[in-house]
Amino acid sequence: MARILIVDDAKFMRATLQTILTKDMHEIVGEAENGEEAVSLYKNTNPDLVIMDITMPVMNGIDAMKEIKKLDPKAQVVVCSAMGHQKVVVEAIELGAKDFIVKPFDEHRVLETVSRILSYTVN
């Protein structure tokens, strides 16, 4: 299964994702509450996948994804955002995000997205 880095400024959202992903046998290699922490943790953990919130303090998810992509152009990033932020989600996809997940999280959608991204990575 995958090694995943979870990035969200809301502890509850990180906990929700962790529960969903570990139930599906994925390993959570780290949690960050802002983009700056995410970039640092990415360097130290080299995850298979990053699930990143877009709206965060210190450094937002778009800027963090840009930095991670500079470090590793093959980085697999899935962004998550609340409904109504379509413009920002489109920007994230254009910058290299592999997909997006809408908040609040639907367990089936999260697992389906992760599975799809990981199967592309393997093939």
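Parameters at a glance
- Residues numbered from 1 in each chain as written.
- Predicted model: local features only at pLDDT ≥ 70, side-chain atom pairs only at ≥ 80, totals over all residues.
- Heavy atoms only, no water.
- Helix = DSSP H or I, 4+ residues; strand = E, 2+ residues; numbered from the N terminus.
- Rg over C-alpha atoms; globule rule 2.2 N^0.38 Å.
- Buried < 20%, exposed > 50% of the residue type's maximum accessible area, 1.4 Å probe, protein only.
- Contact = heavy atoms within 4.5 Å.
- Areas by Shrake-Rupley, 256 points an atom, 1.4 Å probe, with all protein chains shown as cover.
- Lys, Arg positive; Asp, Glu negative; His and termini not counted.
- Charge placed at Lys NZ, Arg CZ, Asp CG, Glu CD.
- Phe/Tyr/Trp six-rings, centres within 6.5 Å; stacked < 30°, edge-to-face > 60°.
- Lys NZ or Arg CZ within 6 Å of the ring centre and 35° of its normal.
- Core = buried A, V, L, I, M, F, W, Y, C linked by side-chain atoms within 4.5 Å.
- Pairing = 2+ DSSP bridges.
- Axes fitted to C-alpha atoms, helices over the stretch in contact; angles between N-to-C directions.
- Polar contact = N/O pair within 3.5 Å; in protein donor to acceptor, adjacent residues only side chain to side chain.
- Parallel < 35°, antiparallel > 145°, perpendicular 65-115°, else oblique.
- Left-handed = near helix turned anticlockwise from the far one by under 90°.
- Nonpolar A, V, L, I, M, F, W, Y, C, P; charged D, E, K, R; others polar.
- Right-handed = clockwise from strand over helix to strand, strands pointing away.

Chemist: Any chance you could explain the overall build of the chain here in plain terms?
Modeler: Along the chain, the regular secondary structure elements total five helices and five strands. Along its sequence from the N terminus, the chain presents helices and strands in the succession β-α-β-α-β-α-β-α-β-α. Over its C-alpha trace the chain gives a radius of gyration of 13 Å, about what one expects of a compact globule, namely 14 Å for 123 residues. Each of the three principal axes of the chain carries a C-alpha extent, and together these read 30 × 30 × 25 Å. Taking all 123 residues of the chain together, the buried fraction comes to 47%. Taking contacts inside the chain between residues at least 6 apart in sequence as the whole, the part at least 24 apart equals 62%. Split by element, the accessible area of the chain, about 6,500 Å² in all, is 54% carbon and sulfur. Here the chain carries 14 positive and 19 negative side-chain charges, and the mean point of each set is 4 Å from the other.

Chemist: How should I be thinking about the packing of aromatic side chains in this particular structure?
Modeler: For the coordinates displayed, the defined rule picks out zero aromatic pairs. One residue, Arg109, lies across the ring of Phe100, its end atom 5.8 Å from the ring centre.

Chemist: Help me understand the nonpolar core, please; the structure alone is not making it clear to me.
Modeler: Among soluble globular proteins, nonpolar side chains are generally buried collectively. Ranked by size, the top nonpolar core spans 22 residues in total, and within it Val7, Val50, Met52 and Val77 carry the most contacts. Mapped onto this core, the elements with two or more residues apiece are strand E1 (3-7), strand E2 (27-32), helix H2 (35-45), strand E3 (49-53), helix H3 (61-71), strand E4 (77-82) and helix H4 (86-94). For this core, the element with the most residues is H3, which contributes four residues. Residue contacts for Val77: discarding those within four places in its chain leaves Leu49, Val50, Met52, Met65, Ala97, Lys98 and Asp99. The next biggest cluster of nonpolar side chains, apart from the first, holds 19 residues, and it includes Ile4, Ile20, Ile51 and Val114.

Chemist: I tried to follow the sheet that holds strand E5 (residues 99-103) on my own but got confused; where do I start?
Modeler: What links the strands of a sheet is backbone hydrogen bonding, and the strands pair in either a parallel or an antiparallel sense. The five strands lie next to each other as E2-E1-E3-E4-E5, forming an open sheet whose pairing is parallel. Lying at the two open borders of the sheet, with one neighbouring strand each, are E2 and E5. This sheet shows a mean twist of 20° between the axes of neighbouring strands, independent of strand direction. Lying over the sheet, helix H1 (residues 11-23) contacts E1, E2, E3 and E5, oriented at roughly 170° with respect to E2.

Chemist: Can you help me understand the side chain of Ser81 in this one?
Modeler: Assignment of secondary structure puts Ser81 in strand E4. We classify Ser81 as buried; its relative accessible area is 5%. Residues in contact with Ser81, not counting those within four places in the same chain, are Asp53, Ile54, Val89, Ile101, Val102 and Lys103.

Chemist: Got a minute to help me understand the side chain of Lys103 in this structure?
Modeler: Position of Lys103 among the secondary structure elements: in strand E5. Polar contacts involving the side chain of Lys103 include one to the side chain of Asp53, which spans 3.3 Å.

Chemist: Could you clarify how one ought to interpret the packing of H2 against H3 in this entry?
Modeler: Their axes nearest at 9 Å, the elements H2 and H3 cross at an angle of 20°. Our classification of the angle between H2 and H3 gives roughly parallel. In terms of crossing hand, the pair formed by H2 and H3 is right-handed. Across the interface between the two elements, Gly35, Ala38, Val39, Tyr42 and Lys43 of H2 pack against Ala64, Glu67, Ile68 and Leu71 of H3. Each residue belonging to the contact of H2 with H3 can be placed in one class, and the counts come to six nonpolar, one polar and two charged.

Chemist: I tried to follow the pairing of E1 on my own but got confused; where do I start?
Modeler: Working note: regular strand, side chains alternate between the two faces of the sheet. The element E1 is largely enclosed, with a buried count of four among its five residues. Where E1 lies against E2, five bridges are found, and the strand directions are parallel. If you follow Arg3 over to E2, its bridge partner there is Glu27. Between the parallel elements E1 and E2, the chain passes through H1 in a crossover that is right-handed.

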